[in-house]
Structure formats: structure tokens, C-alpha cells
2 protein chains.
Amino acid sequence: MGEYVLRSIGAVESPLTDPSEAPRQGDEGAPDAWLVFEPAVREGLRDLGPGTEVLLFTWLDRADRDVLTVHPRGDVTRPESGVFSTRSPHRPNPVGLHRIQIVAVDGLRMRVRDLEALDGTPIVDIKPVLEPISDR
Amino acid sequence: MGEYVLRSIGAVESPLTDPSEAPRQGDEGAPDAWLVFEPAVREGLRDLGPGTEVLLFTWLDRADRDVLTVHPRGDVTRPESGVFSTRSPHRPNPVGLHRIQIVAVDGLRMRVRDLEALDGTPIVDIKPVLEPISDR
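Since the model is a prediction, treat every value here as computed from it, not as a measurement. (Residues numbered from 1 in each chain as written. Chains lettered and ligands numbered in written order. Predicted model: local features only at pLDDT ≥ 70, side-chain atom pairs only at ≥ 80, totals over all residues. Heavy atoms only, no water.)

1. Comments concerning the confidence of the model for chain A
Per-chain confidence: chain A averages 92 in pLDDT, with 96% of residues scoring 70 or above. Listed scores for the predicted complex are pTM 0.93 and ipTM 0.92. (pLDDT = per-residue confidence, 0-100.)

Given below as C-alpha cells:
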């Protein structure tokens, strides 16, 4: 298997610190949070402004990478599923995907809505939500 | 900046070998392709069957990681944008995100529709498309 090195481009600042208290998805009662970026990627961020909806990619650094099956949503009354059919953070490569809205930008800090990632979670990428083909 | 190691869980088999000929997104005329997985992750795949729509995460191993601004869609008549406002493969962490449909499964091989990734691209994760909250 090949190995590739992700380098964090920033980190999440959030009131969420306990994995057992974090919502499972951002639209299930997650708080606002700050994204704090490294100065090295400043130019890449220059077109992101308030109101923009983006896909945030994180590295879920507290996940267990040896897990291949889980009870969906941690509910032991549900039969186990293969992790690639779930959004469990526990998986061989724990890349987090979060659809969020930017509400404010202050230099290298961005305020965002509805992010379920824990405080200190490394950020690895941001991509735009894709528009319909006609608008690309 | 923190560093994290991605380990490929498989690779793409595709007729696409030349970056200049690959479509920019999967819904812009991309061919069918095979995903070929490592035996080590077999259990994680067990609930993925034909007809399932999933998000495929790849590592775009031919990307330039030092790029922070690009002309959108490679069109030099358009002004440069920060890479985090584009889907350019060239970015600090070239994680590819592809929404695809599984059309057949044969052991560790999956036939998929509309994948613009090049032949040999490493696979790092698969996640389900999220259902509405009421169905989770």
C-alpha cells in the first residue's frame, strides 16, 4: 500500500472537546466554530468570504484506524456495518468531510456554522460546493 | 504544521491516463472505471452493492502541492482564484472527492460510473452520501 503525507493547513477552534458529547453531523445541533489557518496558505483562501458554503476536510486525529465494522451511529441494537457504508470517524483513513457555511472572515480566522469537529482537529483542505454544470 | 500519513486502500483502474484528456468532473463525460481494493479492507466494504451512490476519496498523486492560486478550469482568460475556491487538483493536500455510482461488485473489484480520476490513482476512503436526517 502506498503512503502519502497530509500536512495540516490549520486547525479547528471549538467549544466541543469531548467526543462523547459531539453531535454526529453538523446539522444535528453543532455549535459555531473558528477555523484558524496557517500563514503559508493565506493566498489560497483569498476568495472565501462570508456567506460562502464550502466543504471542509479535516483529519479526525482521535479516530481508531484499525476499525472496519461498526454499529451505525454507535447504536448497539443496530447490526454492524462495514465502515465504508457509514460516516463513523473510525476507519483506515479518518478524513472528515463537513459541509459548512462561512459567517465571518478575520485575516487567517474564519467563523463557521454547524461544525461537529472537536477543538484542535487539523484542517487539510477546503473545496467549493459544486454548482450545476452550466455555472462552472 | 502537523503531518499525518494516509495509506492507500486500493487504486483506480481507468482508461484515462493523460491528465490533459481527463474531464474536470465526473459528470462531464468521464468513463466507467474499476476500483480495486486491498484485501486488508475487505470487511469494511461488505455492505456496498450495485446501485449505491457513494463519495470516493482519492489522493491525486500527480498534483502540484505548491500551488495556491489557479485560473479556474485552466482557462487563462479567467482571473486567478485562491485554490480553496476551486476544484483544481493542484493544492497543498490533493485529496480528490468524487460522487460515483457503484454498478457492479466482484470481490475486491467494484465497477463505477462517471469517475474522472486517472488510472493508478490511490483510493483513501469511501463514505455514503448522507440521507436526510429522518432516515439516519
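So that's the structure; there's more coming.
2. What to know about the packing of aromatic side chains
Counted according to the given criterion, the structure contains three aromatic pairs over all chains. The ring of A:F57 has A:K127 lying over it, and the distance from NZ or CZ to the ring centre is 5.3 Å. (Phe/Tyr/Trp six-rings, centres within 6.5 Å; stacked < 30°, edge-to-face > 60°. Lys NZ or Arg CZ within 6 Å of the ring centre and 35° of its normal.)

3. Remarks on the interface of chain A and chain B
On the side of chain B, 52 residues touch chain A, which itself brings 52 residues to the contact. Each partner contributes to the roughly 5,300 Å² buried at the junction of chain A and chain B, and carbon and sulfur atoms together form 57% of this total. Summed over the shared surface of chain A and chain B, the result is four salt bridges. A salt bridge links A:D125 to B:R91, with the nearest nitrogen and oxygen atoms 3.0 Å apart. Counting the contacts that link chain A with chain B gives 24 residue pairs in polar contact (both at pLDDT 80 or more). Elements with a minimum of two residues in the side of chain A that touches chain B: β1 (3-7), β4 (53-59), β6 (81-82), β7 (95-106) and β9 (122-128) of chain A. Element by element, the count of residues in the side of chain A that touches chain B is highest for β9(A), at six residues. Pairing of β1(A) with strand β1 (residues 3-7) of chain B, which is carried by five bridges, proceeds in the antiparallel orientation. Note that in β1(B) the partner of A:L6 across the bridge is B:Y4. (Contact = heavy atoms within 4.5 Å. Buried area = accessible area lost by both parts, 1.4 Å probe. Salt bridge = Lys/Arg side-chain N within 4 Å of Asp/Glu carboxyl O. Polar contact = N/O pair within 3.5 Å; in protein donor to acceptor, adjacent residues only side chain to side chain. Helix = DSSP H or I, 4+ residues; strand = E, 2+ residues; numbered from the N terminus. Pairing = 2+ DSSP bridges.)

4. Considerations on the sheet that holds strand β7 (residues 95-106) of chain B
Residue and element names in this part refer to chain B. Here six strands make up a closed barrel; going around it, the order is β2-β3-β8-β7-β4-β9 and the pairing antiparallel. When the angles between neighbouring strand axes are averaged without regard to direction, this sheet yields 45°. Inspection of the sheet shows β7 paired to strand β8 (residues 109-113) by five bridges, in the antiparallel sense. Looking across to β8, one finds that D106 is bridged to R109. (Axes fitted to C-alpha atoms, helices over the stretch in contact; angles between N-to-C directions.)

5. Brief notes about the side chain of A:T58
Residue and element names in this part refer to chain A. The residue T58 is located in strand β4 in this model. A polar contact of 2.8 Å, which involves the side chain of T58, links it to the side chain of H98. In this structure, T58 is in contact with P94, V95, G96, H98, T121, P122, I123 and V124, ignoring residues within four places of it in sequence.

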